[in-house]
Amino acid sequence: MKTFTKLALCTAVATGFAILPSAVSAQSTMAYPEKCKSEDMDISKADMPSGGMPMGGGMTDYQKASMDGMKGMHMNMMQGMMKKDADVSFVCGMIAHHMGAISMSEVELKYGDNEEAKQMAQKVIEAQKKEIEEMSKWVDKEVK
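Residues numbered from 1 in each chain as written. Predicted model: local features only at pLDDT ≥ 70, side-chain atom pairs only at ≥ 80, totals over all residues. Heavy atoms only, no water.

### Let's talk about the overall build of the chain
Here's step 1: Looking only at helices and strands, one finds 5 helices and 0 strands in the chain.
Here's step 2: The helix and strand sequence of the chain, counted from the amino end, reads α-α-α-α-α.
Here's step 3: Residues classed as buried in the chain amount to 44% of the 144 residues present.
Here's step 4: Contacts in the chain between residues far apart in sequence, at least 24 positions, make up 79% of those at least 6 positions apart.
Here's step 5: Put simply, the chain shows about 8400 Å² of open surface, and 57% of that area lies on carbon and sulfur atoms. (Helix = DSSP H or I, 4+ residues; strand = E, 2+ residues; numbered from the N terminus. Buried < 20%, exposed > 50% of the residue type's maximum accessible area, 1.4 Å probe, protein only. Contact = heavy atoms within 4.5 Å. Areas by Shrake-Rupley, 256 points an atom, 1.4 Å probe, with all protein chains shown as cover.)

Written out as structure tokens, the structure is:
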């Protein structure tokens, strides 16, 4: 395993996020571009501990939904950051980051009760989806 890959995986563990596939709503409505995925690594098969984070029992539904979104975002960000081209790495990482923002916002819409916070969440969803579409078009055009 390459040194950077090991460092990236260790960083994920240290920050407390498991890197596992996730049924994140943002990812089900907007697919992470295939061209952003690294050929030399399959993070979804990594056997990663949760870094000491409680992953079930004492968590609320809101916390579980938030953690599921974070897992999916981190998996895709790690894939994107493995790209050898700095521009591609940046754009692919940002797509994953934006998908995470959408996921967090969807959790707020589902579980939140403050109307102002829910309005902010809706604005985030609309803005981030537009930017993901723009960045995905760039990836389709620029990445070979």
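### Quick notes on the environment of Val139
Here's step 1: Note that Val139 resides in helix α5 (residues 115-142).
Here's step 2: A sequence separation of 104 residues divides Val139 from Lys35, and the C-alpha atoms of the two residues are 7.1 Å apart.
Here's step 3: Once residues within four sequence positions are removed from consideration, Val139 is found in contact with Pro33, Lys35, Cys36, Val91, Cys92 and Ile95.

### Regarding the confidence of the model for the chain
Here's step 1: Confidence in the prediction of the chain, expressed as mean pLDDT, is 78, and 67% of residues score 70 or more.
Here's step 2: Looking across the chain, the model is least confident in helix α1 (residues 3-14), with a mean pLDDT of 39, and most confident in α5, with 97.
Here's step 3: In the predicted structure, residues 1-28 sits below a pLDDT of 50 and forms 60 contacts with residues beyond four places in sequence or in another chain.
Here's step 4: Confidence over residues 47-51 falls short of pLDDT 50; this stretch has 12 contacts with residues more than four positions distant or in other chains. (pLDDT = per-residue confidence, 0-100.)

### Focus: the packing of helix α4 (residues 86-111) against α5
Helices that pack against each other are described as a pair by the angle of their axes relative to one another and the distance between those axes.
Here's step 1: Two elements in contact, α4 and α5, have axes separated by 8 Å at closest approach and are oriented at 155°. In terms of their interaxial angle, α4 and α5 are classed as roughly antiparallel. The element α4 and its partner α5 pack so that their crossing is left-handed.
Here's step 2: The residue makeup of the contact of α4 with α5, split by class, is 17 nonpolar, 5 polar and 6 charged. (Axes fitted to C-alpha atoms, helices over the stretch in contact; angles between N-to-C directions. Parallel < 35°, antiparallel > 145°, perpendicular 65-115°, else oblique. Left-handed = near helix turned anticlockwise from the far one by under 90°. Nonpolar A, V, L, I, M, F, W, Y, C, P; charged D, E, K, R; others polar.)

### Here's the deal with α5
Here's step 1: Taking 1.5 Å of rise per residue, the 28 residues of α5 would be expected to cover 40 Å, and the 40 Å separating its terminal C-alpha atoms lies within 8% of that figure.
Here's step 2: Of the residues making up α5, those classed as buried are Ala121, Ile125, Gln128, Ile132, Met135, Ser136 and Val139.
Here's step 3: Residues of α5 that are buried sit in contact with α4.
Here's step 4: Of the residues flanking the start of α5, the one acting as N-cap is Asn114, its side-chain oxygen 3.0 Å from the backbone nitrogen of Glu116. (Expected span 1.5 Å × (residues − 1). Polar contact = N/O pair within 3.5 Å; in protein donor to acceptor, adjacent residues only side chain to side chain.)

### Re α4
Here's step 1: If you check α4, its first and last C-alpha atoms are 37 Å apart, about what 26 residues at 1.5 Å a residue would give, namely 38 Å.
Here's step 2: With a side-chain oxygen positioned 2.9 Å from the backbone nitrogen of Asp87, the residue opening α4 is Asp85.

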